[in-house]
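Geometric and topological summary
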Amino acid sequence: RWLRQHEYVEKLNMHAILSASTGQEQLLTELLVTYTKIPVLIGELISVEIWKHKIFPVLCQLEDFKPRSTFPIYVVLHHEASIINFLETVFFHKEVCESAEDSILDLIDYCHRKLTLLTAQSTNRWTVTPAVLFPPQELQKQAEVMEFEISLKALSVLRFITDQVESLPLSVLTRMLNTHNLPCLLVELVEHCPWSCWEAGKFKKFENGTWHLVPPEDQVKLTKLDGQVWLALLNLLLSPECQRKYHFNGFNKSQLLKLRAFLTDVLIDQLPNLVEMQRFLSHLAVTEPAPPKKDLVLEQVPVIWDHIIKKNKGKWEAIARHQVKCVFSPTEEELKLHAHRWTQLYSLDMMEALAPDKPHCRVCGAEAAKRCSRCRNEWYCTR
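The written sequence of each chain sets the order in which its residues are numbered from 1. For this predicted model, a pLDDT threshold of at least 70 governs which residues receive local features, and a threshold of 80 or more governs which side-chain atom pairs are given and counted, while totals over whole chains, interfaces and linings are taken from all residues. Hydrogens are left out, water is left out, and the side-chain values use all remaining heavy atoms of the structure.

**What to know about the overall build of the protein chain**
For the record, the criterion: The way it works is that DSSP assigns letters per residue, a run of H or I at least four long becomes a helix, a run of E at least two long becomes a strand, and they are numbered from the N terminus. Using a 1.4 Å probe on the protein chains alone, a residue whose accessible area is under 20% of its type maximum counts as buried, one over 50% counts as exposed, and one in between counts as partly exposed. Between two residues, a contact is recorded if the distance between any of their heavy atoms is within 4.5 Å. A 1.4 Å probe and the Shrake-Rupley method give the accessible areas. Residues count as covered only by the protein chains that appear here.
Looking only at helices and strands, the protein chain features 18 helices and five strands. Classification of the 383 residues of the protein chain by burial places 45% in the buried group. A sequence separation of at least 24 residues applies to 76% of the contacts in the protein chain between residues at least 6 apart. A total accessible area of about 20700 Å² is found for the protein chain, and carbon and sulfur atoms account for 55% of it.

Set out below in structure tokens:
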């Protein structure tokens, strides 16, 4: 049953990517909003995260667990990556972000945990605590790369959430600005830039799922990940509502002013909106902003993580042993069946079935490449 659910998520993920690449994601987003599936996906995302923290280490320490194949464990690890990738694709749309409702707080906490892992690195390469690694070296490497990529996807999701700060509940702003102090966390990402590194005298950047050598003339070029950090900072610092709620104390102010060293002419040429950021920081350097008003409000708190942790407290080893017996020790026939289903999932026929039909011109019926900028529904082959 869980494997079927994973297959559905994979199909949704592929369909979302294919739809977004052709600009036809409206139907999918409408269905997600109508059937309130975003809170379900967020709950599933956090469930898998807890499994990685609480069950996975126990599995690794069980001396009597010698699996015939690590494939079933890899599928669970991959499930988190599939969900966060899907959310990254659809959270670009305001209505999807708003449809998360109260679970948006849990998603913000999730993104904060992932970004904290990124900034906590002592080097620019991703390292994983040995306690959470599975003995086979190949699975260790896959888990390591996957965790790094998941954290980068969480950065994009967080940036899309900050795009909607004007329409989100006050509790969301309080969570981002005061509870987690996301502006200072984003400053740390600008400073340490975990997706770039020097290796053997050569400069590398992580982009599109792999590390690339960067020629000297492109080393100052802004990547998508750099842009996500700067856009999130713009949203959080220049919004009037955020400025009213954020506490610009001595520490926060000193951290934010570090950004001035990175706001070069080359950077601003690539992202002109940063001129406003430069002005704001210049003003912040010579003024003392008023402290935020201490309004009496009933603040919402995230519940998914706490609910799962409390419900299963003290049961982690028992759950791990149950999963070893019932899930992670499949027979040879079951492994073949799983492998066959996985192959079918990524077949070309499946890709074609999930791909949306090419849009056609409303006037002549020919294939269209241009979409109406007003209604965003009709397509035309020419202007």
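**As for the sheet that holds strand β2 (residues 202-207)**
Rule in force here: When DSSP finds two or more bridges between a pair of strands, those strands are recorded as paired. Here an axis means a line fitted to C-alpha atoms, over the contact stretch when the element is a helix, while the angle between two N-to-C directions is reported on a 0 to 180 degree scale.
Judged by pairing direction, the sheet is antiparallel, and its three strands sit side by side in the order β1-β2-β3 without closing on themselves. Taken across any chain shown, the strands that pair with only one partner, and hence form the sheet edges, are β1 (196-199) and β3 (210-213). Strand-to-strand twist in this sheet, taken as the mean axis angle between neighbours without regard to direction, amounts to 35°. Relative to β2, β1 is paired through four bridges, and the arrangement is antiparallel.

**Details of the confidence of the model for the protein chain**
What counts here: Residue-level confidence of the predictor, termed pLDDT, takes values from 0 up to 100.
Overall, the prediction assigns the protein chain a mean pLDDT of 85, with 87% of residues at 70 or greater. Per-residue pLDDT, averaged within each element of the protein chain, yields its smallest value for helix α18 (residues 348-354) (53) and its largest for helix α10 (residues 224-238) (96). Contacts from residues 126-134, a stretch scored under 50 in pLDDT, to residues over four places away or in other chains number 23 contacts.

**Notes on the packing of helix α9 (residues 182-192) against helix α12 (residues 250-257)**
Each pair of packed helices gets described by two things: the angle between the helix axes and the distance between those axes. To keep it simple, the criterion reads: Note on convention: the crossing is left-handed when the near helix lies turned anticlockwise from the far helix by less than a right angle, right-handed when the turn is clockwise. The classification used treats Ala, Val, Leu, Ile, Met, Phe, Trp, Tyr, Cys and Pro as nonpolar, Asp, Glu, Lys and Arg as charged, and all other residues, Gly among them, as polar.
Contact geometry of α9 with α12 gives a least axis separation of 9 Å together with a crossing angle of 35°. Taken as a pair, α9 and α12 cross one another with a handedness that is left-handed. Along the contact surface, α9 presents P183, C184, V187 and E188, while α12 presents F251, N252, Q255 and L256. Partitioning the contact of α9 with α12 into residue classes produces five nonpolar, two polar and one charged.

**A word on the side chain of S103**
By secondary structure assignment, the location of S103 is in the loop between α5 (94-99) and α6 (104-119). For S103, a relative accessible area of 7% puts it in the buried group.

**As for unusual backbone geometry**
Outside of glycine, negative phi angles account for most residues, and trans bonds account for most peptide bonds. The backbone of T36 sits at a positive phi, close to 45°, despite the residue not being glycine. Of note, T36 is situated in the loop between α2 (26-34) and α3 (38-61). Its relative accessible area of 41% is what places T36 among the partly exposed residues. The residue N208 is not glycine, and still its phi comes out positive at about 55°. On the secondary structure map, N208 appears in the loop between β2 and β3.

**Quick notes on the packing of aromatic side chains**
For clarity, the threshold we go by: Ring geometry is summarised as follows: Phe, Tyr and Trp rings, the Trp one being its six-membered ring, pair when their centres sit within 6.5 Å, and such pairs are stacked at plane angles under 30 degrees, edge-to-face over 60 and tilted between the two. Criterion for a charge above a ring: Lys NZ or Arg CZ within 6 Å of the ring centre, and within 35 degrees of the ring normal.
Evaluation of the coordinates by the stated rule reveals nine aromatic pairs. Look at W51 and F56: their rings are 5.5 Å apart centre to centre, the planes differ by 15°, and that puts the pair in the stacked class. The burial state of W51 is the same as that of F56; both residues are buried. Plain terms: the ring middles of F148 and F206 are 4.9 Å apart, the flat faces sit at 85° to each other, and that makes the pair edge-to-face. Residue F148 is located in helix α7 (residues 137-162), and its partner F206 is located in strand β2; the two are separated by 58 residues in the primary sequence. Each member of the pair, F148 together with F206, is buried. These aromatic residues form a ring-pair network of at least three members: W51, F56 and F328. Between R113 and the ring centre of W305, over which it is positioned, the NZ or CZ distance is 4.2 Å.

**A short note on helix α14 (residues 274-286)**
For the record, the criterion: Expected helix span is given by 1.5 Å per residue-to-residue step, counting one fewer step than there are residues. Directions pointing from the helix axis toward each C-beta atom define the arc.
Here α14 contains 13 residues, and its C-alpha end-to-end distance of 19 Å stays within 8% of the 18 Å for a straight helix at 1.5 Å per residue. Among the residues making up α14, those that are buried are L274, M277, F280, L281 and L284. Along the long axis of α14, the arc covered by the buried residues comes to 105°, so they all point the same way. Turned more than 90 degrees away from the buried face of α14, the exposed residues are R279 and V286. Contacts made by the buried residues of α14 are with α10, α11 (240-245), α12 and α13 (265-270).

**A few points about the pattern of salt bridges**
What counts is decided by this rule: By salt bridge we mean one thing: a side-chain nitrogen of Lys or Arg within 4 Å of a carboxyl oxygen of Asp or Glu.
A full pass over the atoms with the stated rule returns 18 salt bridges. Of the charged contacts, one joins K52 and E80 as a salt bridge, the two residues approaching to 2.8 Å between their closest N and O atoms. Separated by 28 residues along the polypeptide, K52 in helix α3 and E80 in helix α4 (residues 71-90) bring together distant segments of the chain. Looking at K52, the relative accessible area reads 13%, which means it is buried. For E80, a relative accessible area of 0% gives the class buried. Its salt-bridge partner being E317, residue R321 comes within 3.4 Å of it at the nearest N-O pair. Taken as a pair, R321 and E317 lie in helix α16 (residues 316-326) at a separation of four residues, close to a single helical turn.

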